[in-house]
Amino acid sequence: MKAVESNEGKAHIVELPQPEVKPHYVLVKVQYSSVSIGTELMLIKSGRKGALGYSAAGIVVEVGEGVTHVKPGDRVACYGTPAHREIMLSPKHLTVKMPDEVTMEEAAFCGIGTIAIHAVRQAQLTFGESVIVVGAGILGQMIAAIAHASNYRVIGYELMESRRERLLHMGLRYACQSGEEMKEALQAVTTGGKGADAALICASNMNESLIDMALPWLRDRGNIVVVGATGCSFDRNLFFSKEANVTISRAGGPGRYEPDYEQLGFDYPIGYVRWTEGRNIEDFLRMVAEKRIDVASLITEQVEFQRLPELYERYSKTPQDMLGIVVQFPQ
């Protein structure tokens, strides 16, 4: 089978042995995958060899022992294992049957959607509170859409005009590009202009601490959630004055990177862990099926699988032209 991998600073199409199904896994013929452009470009630019992609949708080919919730022929969304390949071996808890109302293209973004849902949960918001989304790439757009649909008051911060326009199009009242605009938005949106309840940092900038930028926008004892690859240094005095909480959101939720959950198929009881990464995938698909979020409007590029390596080079030159990128596989 063919797959896309990173090696020596570039993406390449390679030939790999087709995987065999094993207990607690599902063999899936991929129809669409989505590109997490920031994460994937970071791996490519590192020069390391590695598989690319982690989110896809396709048709079940075969199920392993212990898999009972899907069967061959089912349409499924998959997250967490290499996805830019013709056949993927997906853990059962990360393989979710798609509602009829969800298209393959939309379901291909289940990984990004699951990461977004977990990040919003990490902000520990309650009904009607306010949140700032810093950085409006595909992940920031998804987070803003989910937070807006959940009745939080959302303010976007993004330097790229086309991305600010998308935030406004989805229903946000404010999409800011400067500290002055943010000050005006906070005055209008938050209680007495005292600051937002949380800020989710989705921008990727390892050379600058976006935490310091966001701290003045928070209310006293607000929450900062680091979602993107940003520098994590901060001004101690500014941090002290707010007594803010800072946390890093780890991918799609409880279970991520846990061998017992992902590889051996042990689930966490719902009474103890309400929202595992698998249940977050289900919730993302529910939101899409119920038209609470519009994933299709975020798709700006569809590329054929064999041309995917070229896309990474194009994005490096013109990132403003792309947002949601979906990869179509030969049917």
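This one's a predicted model, so the numbers in the text were calculated from it and none came from an experiment.

Student: Report on the overall build of the protein chain, specifying residues and quantitative values.
Tutor: Check the secondary structure of the protein chain and you find 11 helices and 16 strands. Against the 2.2 N^0.38 benchmark of 20 Å for 331 residues, the protein chain shows a C-alpha radius of gyration of 20 Å, consistent with a compact globule. If you line up the protein chain on its principal axes, its C-alpha atoms span 60 × 50 × 35 Å. Partitioning the contacts of the protein chain with sequence separation of at least 6, the portion at a separation of at least 24 is 65%. Only carbon and sulfur atoms are counted for the fraction: they give 50% of the accessible area of the protein chain, which is about 15100 Å². Put simply, the protein chain has 34 plus and 40 minus side-chain charges, and the middle of one group is 2 Å from the middle of the other.

Student: Could you give an account of the pairing of strand β9 (residues 130–134), with specific residues and numbers?
Tutor: With five of five residues buried, β9 is to be regarded as a mostly interior element. Side-chain alternation along β9 places Ser 130, Ile 132 and Val 134 on one buried face and Val 131 and Val 133 on a second face that is also buried. Looking at chain direction, β9 and strand β10 (residues 153–157) are connected through five bridges and run parallel. Note on β10: the bridge partner recorded for Ile 132 is Ile 155. Handedness of the β-α-β unit built from β9, helix α4 (residues 138–149) and β10 comes out right-handed.

Student: Please set out the sheet that holds strand β2 (residues 10–15) residue by residue, giving values where relevant.
Tutor: Note on sheets: strands pair through backbone hydrogen bonds, and any given pair is parallel or antiparallel. Ordered in space as β2-β1-β4, the three strands form an open sheet in which the pairing is antiparallel. Unpaired on one side and paired on the other, β2 and β4 (50–51) mark the two borders of the sheet. Where strand β1 (residues 2–7) meets β4, two bridges bridge the pair, whose relative direction is antiparallel. When the bridges of β4 are listed, Glu 5 appears paired with Ala 51.

Student: I'd like a rundown of the sheet that holds strand β14 (residues 245–248), residues and numbers included.
Tutor: An order of β11-β10-β9-β12-β13-β14 is seen for the six strands of this open sheet, with the pairing classed as parallel. If you trace the sheet from one side to the other, it starts and ends with β11 (174–176) and β14, each paired once. The sheet shows a mean angle of 20 degrees between the axes of neighbouring strands, taken without regard to direction. Bridge analysis of strand β12 (residues 196–201) against strand β13 (residues 218–226) gives five bridges, and the strand direction is parallel. In the strand pairing of β13, Ala 196 is matched with Leu 218.

Student: Give a detailed account of the pattern of salt bridges, specifying residues and quantitative values.
Tutor: All told, the structure shown has 13 salt bridges when counted by the stated rule. Across the pair Arg 307 and Glu 310 runs a salt bridge, and its minimum N-O distance is 3.1 Å. Classification of Glu 310 as partly exposed rests on a relative accessible area of 41%. When salt bridges with common partners are traced through the structure, they connect Arg 121, Asp 283, Arg 286, Glu 290 and Arg 292 into a single cluster.

What counts, and where the lines are drawn
- Residues numbered from 1 in each chain as written.
- Predicted model: local features only at pLDDT ≥ 70, side-chain atom pairs only at ≥ 80, totals over all residues.
- Heavy atoms only, no water.
- Helix = DSSP H or I, 4+ residues; strand = E, 2+ residues; numbered from the N terminus.
- Rg over C-alpha atoms; globule rule 2.2 N^0.38 Å.
- Contact = heavy atoms within 4.5 Å.
- Areas by Shrake-Rupley, 256 points an atom, 1.4 Å probe, with all protein chains shown as cover.
- Lys, Arg positive; Asp, Glu negative; His and termini not counted.
- Charge placed at Lys NZ, Arg CZ, Asp CG, Glu CD.
- Buried < 20%, exposed > 50% of the residue type's maximum accessible area, 1.4 Å probe, protein only.
- Pairing = 2+ DSSP bridges.
- Right-handed = clockwise from strand over helix to strand, strands pointing away.
- Axes fitted to C-alpha atoms, helices over the stretch in contact; angles between N-to-C directions.
- Salt bridge = Lys/Arg side-chain N within 4 Å of Asp/Glu carboxyl O.

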